[in-house]
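Given next are the chains, with one letter for each unit.
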Amino acid sequence: MPPTAVPSVSLAMLLADSRLPVGAHVVSGALEAALLDGLPREQVGAYMRARMATIVQVEAGTAVVARQAAAAGRAARGTGAPGEDGPDADAPGADAPGSDGLGAAALAEVARAWEARTPARPQREIGIALGDGLARLARTVWPEAFPARAGRGPHLPRPVVLGAIAAHAGLTAVDLVRLVAYDDAQTVASALLKLEPGDPLAAAGLVLEACAALEPSVPELSRLTSPTAIPAAGAPQIEEWATAQSVLPRRLFRA
Amino acid sequence: MPDTPHTHPYRSLRLGVAGPVGTGKSSLIATLCRALAAEIEIGVITNDIYTDEDARFLRSAGVLDPARIRAVETGACPHTAIRDDVTANLAAVEEMEEEFSPLDLVLVESGGDNLTATFSPALVDAQIFVLDVAGGGDVARKGGPGIARADLLVVNKTDLAPYVGVDVAQMVADAESAREGAPVLALSRSDAASVAALRSWLLGLLAAHRDGAHEPQDPGPMAPHFHAEDDEHDHSHGESHDHAHDYEHPHDHEHPHEPVPAGSGA
């Protein structure tokens, strides 16, 4: 399909839509394990806000820095800043994850920074699986920047792929941060509806409250440029639940 | 279509197996592996709703190297994983093909779902839809996209027919009528002739795939002759139920209803 330049908000809506076929419907944000471990239903909103203060800081910060790294790769090749020149102006594969372009090495460094801040192995594994799904979408929708490859590697985590897409397709840094936050909240809220019967409309309210909780961090996160500056917000309880989730028998959700 | 870079001159035949819960999808895959694993290279992807029970069953059946059997989790949405969002399944298929290259055949078993679940042609080249006699002789007549337009419809567990009061020949005839002549196979794993018919159908499909003569078809989300909703509608209004309605499709009347041997049309 021919890529057309669309505004940042349209890209954000596309990427945040749970109907987007990138394999994310198997994820609950470890909510399944948390509920089994005794997290009361009425504290799920607090759980979502706790994720905003920890996991989402890492994910959103990683995405922003990856966007910057991919944009720098483009600039070094004289293809301009993200979103300014339209997707068609790009040299084929110059900044694609997996190519030999400058962007690829920089993205790998961002991925390492993300790994160091994502200590639970199941969290890294699902991050990679979701990154692969998103990369598959990118290769179809933006083939000029994400060329088909022999083999399937390298495997980059979701926030890094998201940042590379943002740089290429023109998603602004603030929209990118809010997208990561919304996606995390909606993942937990949607899983809640399958795990515990309740009012779906109330779950929508929880999503907005969680997004609001991240708002104070948006300016700072969206200005990050260096991998070393990505927040390293540990969340031992969430990491424990993510680990427990990965070995749950008869689970509904993979993660 | 998702990207499927043709890095090898030949890509395996990807065959989906769908059908309601308990109709014998895993057992059919075990039967296929038993019949073919000595002559072709096979991999299997299973989709359970929330376990890896099917993968365990197949591994314990001892019909294939356990490493060639992988479970994909579907987040309680088995239909989504084979149709609307095939990402996880496609990744598993590609991984399997890469690891055991060259494979001839990758079987993808859907998590048991209702009659409307079919595979996207983005995931598989062809699909088998499995019903069984124990599910009721009238199911084939009710139709649905899998029943009407899968590459092969299997009526499974024919050995149980006497115990559940189902006329297999009638059920096969109904299915053939709903499918307008597309192949229907009456199967029992204890009936060697029916297993041989299944085997030859698959080898024929594999040959067509290798020759580039096979074109993946999308059964689509809905069938043109789907009567089950009409049925429910009548009931919900408490009107006297007119059974003739179920039979108004001309094919039901035209069909000779003769006994059909196992493997007919295959």
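Cut-offs used in this document
- Each chain carries its own residue numbering, running from 1 in the direction its sequence is written.
- In the order they appear in the text, chains get letters beginning with A and ligands get numbers beginning with 1.
- In keeping with the predicted nature of the model, local features appear solely for residues at pLDDT of at least 70, side-chain atom pairs appear and are counted solely at 80 or more, and the whole-chain, interface and lining totals rest on all residues.
- Just so you know, side-chain values use all the structure's heavy atoms and leave hydrogens and water out.
- Only DSSP runs of H or I reaching four residues or more are called helices, and only runs of E reaching two or more are called strands; each is numbered from the N terminus.
- Each residue's exposure class comes from its accessible area (1.4 Å probe, protein chains only) as a fraction of the maximum for that residue type: buried when under 20%, exposed when over 50%, partly exposed otherwise.
- UniProt positions are given in the numbering used here, feature names are shortened, and annotations may be inferred rather than shown by experiment.
- Here, residues are in contact when the closest pair of their heavy atoms is within 4.5 Å.
- Note: buried area is the sum, over both parts, of the accessible area (probe 1.4 Å) each one loses when the two are combined.
- Between Lys or Arg on one side and Asp or Glu on the other, a salt bridge is scored when a side-chain nitrogen of the former is within 4 Å of a carboxyl oxygen of the latter.
- Identification of polar contacts relies on pairs of N or O atoms within 3.5 Å, with a donor-acceptor requirement for protein atoms, meaning one able to donate a hydrogen and the other able to accept it, and with residues adjacent in sequence counted only if both atoms are side-chain atoms.
- Classification convention: Asp, Glu, Lys, Arg as charged; Ala, Val, Leu, Ile, Met, Phe, Trp, Tyr, Cys, Pro as nonpolar; all other residues, Gly among them, as polar.
- Among the buried residues, those of types Ala, Val, Leu, Ile, Met, Phe, Trp, Tyr and Cys that are joined through side-chain atoms within 4.5 Å form a nonpolar core.
- Per residue, pLDDT captures the predictor's confidence, and it can take any value from 0 to 100.
- Strands are labelled as partners when DSSP assigns at least two bridges between them.
- Fitting a line to C-alpha atoms yields each axis, with helices limited to the stretch in contact; the angle taken between N-to-C directions then spans 0 to 180 degrees.
- For classification purposes, angles smaller than 35 degrees are called roughly parallel, those larger than 145 roughly antiparallel, those between 65 and 115 roughly perpendicular, and all remaining angles oblique.
- Pairing of aromatic rings covers Phe, Tyr and Trp, the last through its six-membered ring, and needs centres within 6.5 Å; plane angles under 30 degrees mean stacked, over 60 mean edge-to-face, and all others mean tilted.

### Structural notes on unusual backbone geometry
Cis geometry is adopted by the peptide bond preceding B:Pro102, which originates at B:Ser101 and carries an omega value of -5°. Position of B:Pro102 among the secondary structure elements: in the loop between helix H4 (87-99) and strand E4 (105-109). Residue A:Arg250 is not a glycine yet carries a positive backbone phi of 55°. For A:Arg250, the location among the structural elements is in the segment after helix H11 (236-246). Judged by relative accessible area, A:Arg250 falls into the exposed class, the value being 54%. At B:Lys157, a position not held by glycine, the phi torsion is positive, near 60°. Assignment of secondary structure puts B:Lys157 in the loop between strand E6 (152-156) and helix H7 (161-164).

### What about the environment of B:Ala207?
Residues and elements named next belong to chain B. Within the element layout of this structure, Ala 207 appears in helix H9 (residues 192-210). Relative accessible area serves as the criterion here: at 35%, Ala 207 is assigned to the partly exposed category. Considered as a pair, Ala 207 and Leu 13 are 194 residues apart in the sequence and their alpha carbons are 9.6 Å apart.

### Observations concerning the UniProt feature "binding site: GTP" (unreviewed entry) in chain B
Residue and element names in this part refer to chain B. In this numbering, the UniProt entry assigns the feature "binding site: GTP" (unreviewed entry) to Gly 19, Pro 20, Val 21, Gly 22, Thr 23, Gly 24, Lys 25 and Ser 26. Within the secondary structure layout, Thr 23 lies in the loop between strand E1 (13-18) and helix H1 (25-36). Contacts of Thr 23, omitting those with residues within four sequence positions, involve Val 130, Leu 131, Asp 132, Asn 156 and Lys 157.

### Some thoughts on the interface of chain B and chain A
Taken residue by residue, the interface counts 23 residues in chain B and 22 residues in chain A. Around 1,900 Å² of area is buried between chain B and chain A when both sides are counted, 50% of it from carbon and sulfur atoms. Remark: the boundary between chain B and chain A carries two salt bridges. Two residues, B:Glu73 and A:Arg251, come together in a salt bridge whose shortest N-O distance is 2.4 Å. At the boundary of chain B with chain A, the tally comes to seven residue pairs in polar contact (both at pLDDT 80 or more). Broken down by secondary-structure element, the contributors of at least two residues to the side of chain B that touches chain A are helix H3 (78-84) and H4 of chain B. It is H4(B) that contributes the most residues to the side of chain B that touches chain A, six residues altogether. A class-by-class count of the residues in the side of chain B that touches chain A yields 10 nonpolar, six polar and seven charged.

### Description of the nonpolar core
If you look at the biggest cluster of nonpolar residues, it comprises 74 residues, and the most contacted ones within it are A:Leu15, A:Leu31 and A:Ile165. Counting residues in hydrophobic clusters, the runner-up holds 36 residues, among them B:Met96, B:Leu131, B:Ala150 and B:Leu153.

### Let's talk about the confidence of the model for chain A
Residues and elements named next belong to chain A. Residues at a pLDDT of 70 or more form 87% of chain A, whose mean pLDDT is 88. Residue range residues 80-96 is modelled with pLDDT below 50. Its contacts to residues more than four positions away, or to other chains, number 44 contacts. Scored below 50 in pLDDT, residues 98-102 shows 12 contacts in the model against residues more than four places distant or in partner chains.

### Quick word on the sheet that holds E1(B)
Residues and elements named next belong to chain B. Taken in spatial order, the seven strands of this open sheet run E3-E2-E4-E1-E5-E6-E7, and their pairing is parallel. Every other strand in the sheet has two partners, leaving strand E3 (69-73) and strand E7 (184-186) as the edge strands with one partner each. Adjacent strand axes in the sheet meet at a mean angle of 20°, parallel and antiparallel pairs treated alike. In this sheet, E6 lies alongside strand E5 (residues 126-132) in parallel orientation, the contact comprising five bridges. Looking at E6, one finds that Val 130 is bridged to Val 154. Across the face of the sheet, H1 comes into contact with E1, strand E2 (42-48), E4, E5 and E6 while running at roughly 165° to E4. The strands touched by helix H2 (residues 53-61) within the sheet are E2, E3 and E4, with E2 carrying the most contacts at an inclination of about 145°.

### A look at the packing of helix H6 (residues 121-141) of chain A against helix H7 (residues 158-169) of chain A
Residue and element names in this part refer to chain A. Across the interface, H6 lies against H7 with an axial gap of 7 Å and an inter-helix angle of 25°. Taken together, the axes of H6 and H7 lie roughly parallel to each other. In contact with Gly 127, Leu 130, Gly 131, Leu 134, Ala 135 and Ala 138 of H6, H7 contributes Arg 158, Val 161, Leu 162 and Ile 165. The residue makeup of the contact of H6 with H7, split by class, is seven nonpolar, two polar and one charged.

### Thoughts on the pairing of E2(B)
All names here are of chain B. Summarising burial for E2: seven of the seven residues are buried, a large majority. Residues of E2 alternate between two faces, with Ile 42, Val 44, Thr 46 and Asp 48 on one and Gly 43, Ile 45 and Asn 47 on the opposite face, all of them buried. Sheet topology places E2 next to E4; five bridges connect them, and they run parallel. Note on E4: the bridge partner recorded for Gly 43 is Val 106.

### Looking at the pairing of E1(B)
All names here are of chain B. Of all six residues in E1, six are buried, a share of seventy percent or more. Burial of the side chains of E1 extends over both faces: Leu 13, Leu 15 and Val 17 are buried on one face and Arg 14, Gly 16 and Ala 18 on the other. The pairing of E1 with E4 spans five bridges and is parallel. Bridged to Val 17 within E4 is Glu 109. Bridge count for E1 against E5 is four bridges, and the pairing is parallel. The residue of E5 that forms the bridge with Val 17 is Ile 128.

### Remarks on the packing of aromatic side chains
Residue and element names in this part refer to chain A. Summed over all chains, the structure comprises one aromatic pair over all chains. Note on Tyr 47 and Trp 241: the rings are 5.7 Å apart at their centroids and 65° apart in plane angle, and the pair reads as edge-to-face. With a gap of 194 residues between them, Tyr 47 in helix H3 (residues 44-53) and Trp 241 in helix H11 connect regions that are remote in the sequence. With a relative accessible area of 4%, Tyr 47 lands in the buried category. By relative accessible area, Trp 241 is classed as buried at 10%.

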